[in-house]
Amino acid sequence: LVRNKSVVKKFLFVAYTIFIVWLTLLKREPLANRIFRPELFWAIRTWIAGGYNGKAESILYFLNILFFIPYGFLFPWEEKYGKLSWKSILVAAALTSTLIELSQYIFVLGECEFDDIISNTLGAMIGYWIWWKLSKRKIEIRGCEDGKV
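Predicted, not measured: the structure shown is a model, and the values here were computed from it.

**Student:** How should the packing of helix α1 (residues 5–26) against helix α5 (residues 86–106) be read in this particular structure?
**Tutor:** The description of two helices packed together rests on the angle between their axes and the distance between the axes. Taken N-terminus to C-terminus, the directions of α1 and α5 make an angle of 25°; their axes are 10 Å apart at the nearest point. The orientation of α1 relative to α5 falls into the category roughly parallel. Crossing hand, α1 versus α5: right-handed. On α5, the residues touching I20, T24 and L25 of α1 are I100, S103 and Q104.

Below you can see the structure in the form of structure tokens.
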């Protein structure tokens, strides 16, 4: 059906990355003040303590994880450079997320939080794990079809 899956995957990765930039930076209106939250898991701690808006803010951690799963799943470079290390995805996702958080801080477009970097990176790693499991399964299926069981 599709002659060059690598090109399609790279296109989808670039399109999704543009969507991430649009949603996290371009779509937002500037805030009144810059907000930097270096405390780890502050929203979960606030929720546990019964603080204001802790539950809603904690749910954002899980949404960030879900938001970055396609980033790790679509990460395109394994075809060109051979076997892709999970470390490459980890570094790329952490750098992408850090750049987003710094941009939000610099341009006053959102809260700059370490928690977002952690949850985004975790989401990308989950996406990579899903891709890895599916590609491993595809190799096993091909082996069965070729009579190499």
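**Student:** What is the right way to look at the packing of α1 against helix α3 (residues 54–74) in this model?
**Tutor:** The geometry of α1 relative to α3 is characterised by a closest axis approach of 9 Å and an angle of 155° between their N-to-C directions. Here α1 lies roughly antiparallel to α3, going by the angle between them. Once α1 is placed against α3, the crossing between them reads as left-handed. Across the interface between the two elements, K9, L12, F13, Y16, T17, F19, I20, L23 and T24 of α1 pack against F67, F68, P70, Y71, F73 and L74 of α3.

**Student:** Got a minute to help me understand the packing of aromatic side chains in this structure?
**Tutor:** Each aromatic ring pair is summarised here by two numbers: the centre-to-centre distance and the angle between the ring planes. Overall, the coordinates contain 13 aromatic pairs when judged by the stated rule. By way of ring pairs, the aromatic residues F13, Y16, F19, W22, F67, F68, Y71 and F75 are connected into one cluster. Its end group placed over the ring of Y105, R34 keeps NZ or CZ at 5.6 Å from the ring centre. Its end group placed over the ring of W42, R37 keeps NZ or CZ at 3.9 Å from the ring centre.

**Student:** I keep staring at a nonpolar patch on the surface and nothing clicks. Help me out?
**Tutor:** On the surface, F36, L40, F41, L102, Y105, I106, F107, F114 and I118 cluster together into a nonpolar patch covering about 830 Å² of accessible area. Listing elements by their share of the nonpolar patch, those giving two or more residues are α5 and α6 (114–145). For the nonpolar patch, the element with the most residues is α5, which contributes 3 residues. Mapped onto the elements of the fold, L40 is located in the loop between β1 (35–37) and α2 (42–48). Given a relative accessible area of 42%, L40 falls into the partly exposed group.

**Student:** I would appreciate a short explanation of the side chain of D116 in the present structure.
**Tutor:** Looking at the secondary structure, you find D116 in helix α6. No salt bridge is formed by the buried D116; the nearest opposite charge belongs to R28, separated by 6.6 Å.

The rules behind the values
Residues numbered from 1 in each chain as written. Predicted model: local features only at pLDDT ≥ 70, side-chain atom pairs only at ≥ 80, totals over all residues. Heavy atoms only, no water. Axes fitted to C-alpha atoms, helices over the stretch in contact; angles between N-to-C directions. Helix = DSSP H or I, 4+ residues; strand = E, 2+ residues; numbered from the N terminus. Parallel < 35°, antiparallel > 145°, perpendicular 65-115°, else oblique. Left-handed = near helix turned anticlockwise from the far one by under 90°. Contact = heavy atoms within 4.5 Å. Phe/Tyr/Trp six-rings, centres within 6.5 Å; stacked < 30°, edge-to-face > 60°. Lys NZ or Arg CZ within 6 Å of the ring centre and 35° of its normal. Patch = residues over 30% accessible without salt bridge, like charges linked within 9 Å, V, L, I, M, F, W, Y side chains within 5 Å. Areas by Shrake-Rupley, 256 points an atom, 1.4 Å probe, with all protein chains shown as cover. Salt bridge = Lys/Arg side-chain N within 4 Å of Asp/Glu carboxyl O. Buried < 20%, exposed > 50% of the residue type's maximum accessible area, 1.4 Å probe, protein only. Lys, Arg positive; Asp, Glu negative; His and termini not counted.

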